[in-house]
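An overview of the molecular structure
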Amino acid sequence: IRVRPLTCTETRRGDQQVVHSLGDGAVHVSAAKHDATFGFSAVFDAGASQEAVFEGSRMRQLVELAIDGFSCTVFAFGQTGSGKTYTLMGPLAQSETQPASPALLGLMQRSFTCLLEQSRSRGSDLALSASYLEIYNEQVRDLLSPGPPCALPLRWSKTRGFYVENQLRVEFESLEAIVNLLLQGSQRRRTSAHALNRHSSRSHALLTIHIRSRAHHAPTWVLQASACPSKQGTLCFVDLAGSERVKDTGSSGELSVEANSINRSLLALGHCISLLAKPQGKRTHIPYRDSKLTRLLARSLGGSGITLMVACISPSSRCLSETLSTLHYASRARRVTTRP
Ligand code: ADP
Ligand code: MG
């Protein structure tokens, strides 16, 4: 759980701080009619630095597991303005002109640094490439390919599970190159924001790093007998669209196509998580096919992946109901087990 500080606006209008970290992964929500304590593997409060979040969430281990061939996923979840993008990327994505101070870089850039350090220390053992997609209105779009965005087909195969056809994969070898890809992609996601009414919070963005370790330490005869396959891992960062739309639109009854898609995918995600959180014996069929998002996250959620979920919340009294729903959602997610 990450609790962001109160913003200037919130402080100015005198919002109460209703969320408090109690240490040891406990977080307490106290307001007039609500008084609840939740337990998680880690809670980062307003004072926690980006570095503390990176180290305390054990992101470093996740990077190492990805190098070892596992499918690792980090997803940031929470209402709009709760700090998802800040946690993943830092304030850098928000200000175009001046680069963010290194201390404020998010989980993504820190993971890239860690990955490239590992890569360097292993010689040229690792082949790295990246893909960057967004799901907008139930369409999968490539954020790295030039030209106007076009929808890519999502397919399923026995060997690969769900995958996106024709998605661009760009190889990279330096920190600068991957950070540029991230910026380019986020820019494309954001450019449409002006035309399409806060598009950025209305699409889910998935950046995937593909890591292949060439098995070049093995003697040639081993390679020929294919007894020593190369390992292929992935490290995927998911910036989900804001969750409060579900309620907003539900109450107004005016469902635009856009809000409807977000509803659909976030509800589908919540539904899959609820079912996955049930004990093994009581589990029914998991409806991954209900949305593009759940299809793409199928492996991370319930399959062979290793997943870190960062639930972002605001400490303000005005966000209370969203905060509680995020905490409940996260508590369910915590009970999900995968078999890496
Ligand atoms: P989201 O992506 O969930 O919509 P953002 O990451 O854009 O939210 O955060 C909303 C605002 O709050 C931004 O101005 C961001 O810089 C600020 N913010 C979020 N988390 C923190 C934090 N931990 N420390 C300082 N500022 C933060
Ligand atoms: Mg955001």
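Residues numbered from 1 in each chain as written. Chains lettered and ligands numbered in written order. Predicted model: local features only at pLDDT ≥ 70, side-chain atom pairs only at ≥ 80, totals over all residues. Heavy atoms only, no water.

An unreviewed UniProt entry lists the chain under the name Kinesin-like protein, with Leptocoma aspasia as the source organism. Under the UniProt heading Sequence similarities (unreviewed entry), the note attached to the chain is "Belongs to the TRAFAC class myosin-kinesin ATPase superfamily. Kinesin family." UniProt annotates the chain under Subcellular location (unreviewed entry) with the comment "Cytoplasm, Cytoskeleton". (UniProt positions renumbered as here; feature names shortened; annotations may be inferred.)

Thoughts on the pattern of salt bridges
Considering all chains together, one arrives at 8 salt bridges under this definition. Measuring nitrogen to oxygen at the nearest pair gives 2.9 Å for the salt bridge that ties Arg13 to Asp15. Residues Glu134 and Arg141 are paired through a salt bridge, measuring 3.4 Å at the closest nitrogen-oxygen approach. Its relative accessible area of 12% is what places Arg141 among the buried residues. Ionic contacts of the salt-bridge type, sharing partners, join the residues Arg13, Asp15 and Arg318 into one network. (Salt bridge = Lys/Arg side-chain N within 4 Å of Asp/Glu carboxyl O. Buried < 20%, exposed > 50% of the residue type's maximum accessible area, 1.4 Å probe, protein only.)

So, unusual backbone geometry
Positive phi outside glycine occurs at Arg58, with the angle close to 60 degrees. The class for Arg58 is exposed, based on a relative accessible area of 57%. With phi around 60 degrees, Asn166 is a residue other than glycine that occupies positive phi space. A residue is classified by how much of its surface remains accessible, and Asn166, at 62% relative accessible area, is exposed.

Considerations on the UniProt feature "binding site: ATP" (unreviewed entry) in the chain
Here the UniProt feature "binding site: ATP" (unreviewed entry) sits at Gly78, Gln79, Thr80, Gly81, Ser82, Gly83, Lys84 and Thr85. By secondary structure assignment, the location of Gly78 is in the loop between β5 (71-77) and α4 (84-89). On the basis of relative accessible area, Gly78 is assigned to the buried category, the value being 0%. The topology assignment puts Thr85 in helix α4. (Helix = DSSP H or I, 4+ residues; strand = E, 2+ residues; numbered from the N terminus.)

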